[in-house]
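# Secondary and tertiary structure notes
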Amino acid sequence: MTAGYIQAKNVNLTFTPPNRAPVTALQEFDVAVAEREFVSIVGPSGCGKSTFLNVLLGLVKPDSGEMSIHGKRVAGPGRDRAMVFQEFGLLPWRTVEDNIGLGPELQGIPKKQRRERGRHFIDMVGLSGFEHHFPHELSGGMKQRVGIARALVSDPDVLLMDEPFAALDAQTRDIMQAELLRIWQEAKKTVLFVTHQIEEAVYLSDRVIIMTKRPGRTKSILKIPLARPRGYEMRVTPEFNELKLRIWNELKDEIDSQGGPVRD
Amino acid sequence: MDKFFEDWRRPILGSLAIICFFLAWEAILTWGIPLNKFIISKPSLIFAGLFQDMNSGLLWRDLLISGRPLVFGYVAAVLVGIPLGVVMGWRVRVGYSLDPLLTAFYASPLVAVAPLVIIYFGVGVAGKATLIFILCVFPFIFNSFAGVRSVDLLLINAVRSFGGREWDLYRIVIVPTILPFVVAGARFAIGRGLIAVLVGEFFAASEGVGYRIAFYSDMYVLDRMFGYILVIMVIAVAFTEGIRWAERTAFPWRVGM
Ligand SMILES: Nc1ncnc2c1ncn2[C@@H]1O[C@H](COP(=O)(O)OP(=O)(O)OP(=O)(O)O)[C@@H](O)[C@H]1O
Ligand SMILES: [Mg+2]
């Protein structure tokens with residue numbers, strides 16, 4: 001494996017909660033992602049996907065391992081990365097507009113400019129008219145879209161997305177997938193995308209990383225050689241379904257031996 | 001009409017109960033039990049006495065005298081209690097060390113040490129303010145403590161991930177989280193503060209609301225004594241409701257308050 005734009009090598013992380021058995025979330029985990037590549041990670045629930053994104057984000061220190069982005073060692077959070085959190089992480093006391101403005105605010109951008117930049121992304125995720133609502137006044141899918149807009153507005157080089165479309169209905173999900181692909185191509189971003197939906201992983205990615213059950217390691221990596229731009233019709237082609245089946249089979253082994261459910 | 005009642009249901013029903021209470025009190029002592037002025041009074045006499053104390057200016061002067069130490073003691077409780085509670089919540093070791101000790105103090109009948117406090121700090125503003133501080137500081141400590149403990153780590157992580165520093169964490173996450181807790185503590189502390197004023201003045205004073213109540217009681221002028229008690233009740237309710245109102249307008253994100 002050549003040195004990637006995002007490079008993680010031999011990452012180990014064991015949680016040791018007080019008064020509880022230690023849990024090894026990541027074991028000798030390796031990832032290499034090229035610049036402007038779109039890579040998805042799939043794996044059984046609890047295998048360490050979120051943990052890995054948190055490590056890469058610089059929020060959690062691994063016990064050992066090397067991580068770098070664009071040749072720079074990851075030592076803490078940085079402006080080159082932004083995360084869409086699985087559990088949203090919106091500030092309950094801030095309106096949609098002010099939640100989305102968090103990144104720019106911390107970058108010292110004046111309020112008026114923050115609003116203008118935010119407006120564009122509020123429109124994009126379909127939340128116009130809800131600028132002044134508080135998170136508790138939004139549905140789960142709407143909260144998730146606030147989280148997506150919040151990550152996009154700070155214009156990071158690397159987008160870390162933890163099941164960002166999980167709470168969306170099928171139609172909104174389709175729209176958001178297309179938007180994400182558009183932004184990824186136009187703004188030249190590198191995306192690391194965690195999902196439980198195999199179809200979504202195939203549709204969006206250049207490569208799909210399949211993780212083992214906990215402790216999470218890389219089980220296999222699958223190249224998705226489908227041409228871009230990808231349209232909706234591509235999802236019913238035999239090649240597409242062939243790729244889906246291959247991922248499904250790999251995952252099934254992991255989940256069978258764990259006794260959990262399988263979704264496609 | 002229905003809509004009107006719907007909107008004002010709480011104040012209407014609340015006031016109605018209060019009015020009924022006074023009417024029943026008046027009625028019982030007018031037609032029921034014969035009034036013995038040495039052990040009880042009735043609303044008509046109480047209000048008449050209260051107006052006399054208002055007109056003579058005595059009530060206002062007493063309120064001013066008692067108000068000063070209340071403000072000093074209360075403000076000191078805020079300034080000491082909140083930071084102490086926050087540090088206890090944020091620094092685990094400080095919390096573990098101080099929690100049992102402070103809980104024991106909080107649970108003990110602190111008014112019992114009032115005479116000592118007056119001996120140490122004198123009968124003036126200093127003694128009273130100290131007593132008030134001692135009683136008021138605990139709700140601030142424990143509520144900020146609980147507030148910090150309830151901070152959502154996911155929010156801390158989110159703000160850190162977008163480049164937030166220590167100061168940003170306080171500004172954006174910690175302060176908004178503990179604010180409702182602190183306000184609830186403030187509401188509770190008001191009641192304790194008023195008790196502290198009265199107790200402080202019962203023991204040693206020549207002016208003030210507490211002194212006046214003790215004085216009227218000793219003199220068997222019960223209608224005047226009840227008048228003063230009524231004033232304190234009104235003040236307590238006004239503060240409590242005021243803080244409640246501020247809570248509702250200041251924290252619109254809190255559902256169902
Ligand atoms: N802060 C923590 N303390 C202790 N254990 C943790 C902590 N965070 C995660 N874990 C454990 O680490 C393992 C991996 O968790 P993680 O959230 O990374 O899983 P995941 O792959 O994202 O799962 P899902 O697909 O369900 O979101 C789990 O077994 C979890 O219990
Ligand atoms: Mg997860």
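Reading the values: the criteria
- Residues numbered from 1 in each chain as written.
- Chains lettered and ligands numbered in written order.
- Predicted model: local features only at pLDDT ≥ 70, side-chain atom pairs only at ≥ 80, totals over all residues.
- Heavy atoms only, no water.
- Contact = heavy atoms within 4.5 Å.
- Buried area = accessible area lost by both parts, 1.4 Å probe.
- Salt bridge = Lys/Arg side-chain N within 4 Å of Asp/Glu carboxyl O.
- Polar contact = N/O pair within 3.5 Å; in protein donor to acceptor, adjacent residues only side chain to side chain.
- Helix = DSSP H or I, 4+ residues; strand = E, 2+ residues; numbered from the N terminus.
- Nonpolar A, V, L, I, M, F, W, Y, C, P; charged D, E, K, R; others polar.
- 1 Å grid on protein atoms, 1.4 Å probe; cavity = no way out; pocket = protein on both sides within 12 Å on 5 of 7 lines; lining within 4 Å.
- Points joined across faces, edges and corners; volume = space filled by probe spheres on them.
- Domains from an automatic or database assignment.
- Donors = N, O, S within 2.8 Å, 3.2 Å for Na, K, Ca; no water.
- Buried < 20%, exposed > 50% of the residue type's maximum accessible area, 1.4 Å probe, protein only.
- Expected span 1.5 Å × (residues − 1).
- Pairing = 2+ DSSP bridges.
- Near = heavy atom within 4 Å.
- Areas by Shrake-Rupley, 256 points an atom, 1.4 Å probe, with all protein chains shown as cover.
- Patch = residues over 30% accessible without salt bridge, like charges linked within 9 Å, V, L, I, M, F, W, Y side chains within 5 Å.

## Digging into the interface of chain B and chain A
- With 19 residues of chain B at the interface, the matching set in chain A holds 24 residues.
- When the area that chain B buries against chain A is broken down by residue, the three leading residues are Ser161, Phe162 and Trp253 of chain B, summing to 38%.
- The interface formed by chain B and chain A holds one salt bridge in total.
- With a shortest N-O distance of 3.0 Å, Arg171 of chain B and Glu105 of chain A are connected by a salt bridge.
- Inspection of the region where chain B meets chain A yields three residue pairs in polar contact (both at pLDDT 80 or more).
- Those elements giving two or more residues to the side of chain B that touches chain A turn out to be α7 (153–161) and α8 (166–203) of chain B.
- With seven residues, α7 of chain B is the largest single contributor of residues to the side of chain B that touches chain A.
- For the side of chain B that touches chain A, the residue count by class is 11 nonpolar, five polar and three charged.

## Quick word on empty space enclosed by the protein
Residues and elements named next belong to chain A.
- Considering all chains together, one arrives at two cavities of 30 Å³ or more under this definition.
- In this model, the largest cavity occupies a volume close to 40 Å³.
- Taken together, the residues that form the lining of the largest cavity break down as two nonpolar, four polar and two charged.
- A volume near 30 Å³ is recorded for the second largest cavity.
- Every residue along the wall of the second largest cavity is listed here: Met124, Ile148, Leu152, Met161, Phe165, Met176, Glu179, Leu180 and Ile183.
- Top contributing element to the lining of the second largest cavity by residue count: helix α6 (residues 170–186), with four residues.
- Shared between two domains, the lining of the second largest cavity holds at least three residues of each, these being domain 1 (1–80 + 159–165 + 173–264) and domain 2 (90–155).

## Some points on the coordination of the magnesium ion (ligand 2)
Residue and element names in this part refer to chain A.
- Coordination of the magnesium ion (ligand 2) by the protein involves Ser50 (OG) and Gln86 (OE1), with metal-donor separations of 1.9 to 2.2 Å. Of the two residues, Ser50 is situated in helix α1 (residues 49–57) and Gln86 in the loop between β6 (81–84) and α2 (96–100); the sequence distance between them amounts to 36 residues.
- What makes Gln86 partly exposed here is its relative accessible area of 33%.

## So, the domain arrangement of chain B
All names here are of chain B.
- Taken domain by domain, chain B consists of domain 1 (1–34) and domain 2 (35–254).
- Of note, the centres of domain 1 and domain 2, computed from C-alpha atoms alone, are 29 Å apart.
- Taken together, the contact pairs eight residues of domain 1 with 13 residues of domain 2.
- The largest contributions to the domain 1 side of the interface with domain 2 come from Trp25, Glu26 and Leu29, which together make up 56% of the buried area.
- Taken together, the connections running from domain 1 to domain 2 amount to two salt bridges.
- There are five residue pairs in polar contact (both at pLDDT 80 or more) connecting domain 1 and domain 2.
- Per-class residue counts for the side of domain 1 that touches domain 2 are five nonpolar, one polar and two charged.

## A few points about helix α10 (residues 222–250) of chain B
Residue and element names in this part refer to chain B.
- Counted at 1.5 Å a residue, the expected span for α10 with its 29 residues is 42 Å, and the 42 Å between its end C-alpha atoms agrees.
- Every buried residue of α10 is listed here: Leu222, Asp223, Arg224, Met225, Phe226, Gly227, Tyr228, Leu230, Val231, Ile232, Ile243 and Glu247.
- Each element contacted by the buried residues of α10 is listed here: α1 (2–32), α2 (43–55), α3 (58–90), α8 and α9 (209–218).

## Some points on the domain arrangement of chain A
Residues and elements named next belong to chain A.
- Looking at chain A, the domain boundaries give domain 1 (1–80 + 159–165 + 173–264) and domain 2 (90–155).
- On a C-alpha basis, the centres of domain 1 and domain 2 stand 25 Å from each other.
- Contacts between the two partners involve 11 residues from domain 1, matched on the other side by 10 residues from domain 2.
- Taking both sides of the interface into account, the surface hidden between domain 1 and domain 2 amounts to around 890 Å²; carbon and sulfur atoms contribute 66%.
- On the surface where domain 1 and domain 2 come into contact, there are one salt bridge.
- One salt bridge connects Lys189 with Asp155, and the closest N-O pair in it is separated by 2.7 Å.
- Our count for the domain 1 to domain 2 interface comes out at three residue pairs in polar contact (both at pLDDT 80 or more).
- Elements represented by at least two residues in the side of domain 1 that touches domain 2 include exactly β7 (158–162) and α6.

## Details of the sheet that holds strand β2 (residues 23–33) of chain A
Residue and element names in this part refer to chain A.
- With respect to topology, four strands assemble into an open sheet ordered β2-β1-β4-β5, the strand pairing being antiparallel. The sheet terminates laterally at β2 and β5 (72–73), the two strands that pair on one side only.
- In terms of strand pairing, strand β1 (residues 6–15) meets β2 through seven bridges, oriented antiparallel. Across the sheet, Ile6 pairs through a bridge with Val33, a residue of β2.

## Comments concerning the site of ligand 1
Residue and element names in this part refer to chain A.
- Within the structure, ligand 1 sits among 15 residues, and Ser45, Gly46, Lys49, Ser50 and Thr51 are positioned closest to it.
- Within the backbone of Gly46, an N or O atom sits 2.7 Å from an oxygen atom of ligand 1.
- In this structure, Glu163 approaches ligand 1 through a side-chain N or O atom, which is 3.4 Å from an oxygen atom.
- In the complex, 66% of the free accessible area of ligand 1, which totals 640 Å², lies under the protein chains.
- Secondary structure elements with two or more residues in the shell around ligand 1: β2 and α1.
- It is α1 that provides the largest number of residues to the shell around ligand 1, a total of three residues.
- The residue inventory of the shell around ligand 1, partitioned by class, reads five nonpolar, seven polar and three charged.

## Comments concerning a nonpolar patch on the surface
Residue and element names in this part refer to chain B.
- On the surface, a nonpolar cluster with roughly 450 Å² of combined accessible area is contributed by Val71, Phe72, Val75, Leu79 and Val80.
- By the secondary structure assignment, Val80 is in helix α3.
- Of the residues examined, Val80 reaches a relative accessible area of 39% and is grouped as partly exposed.

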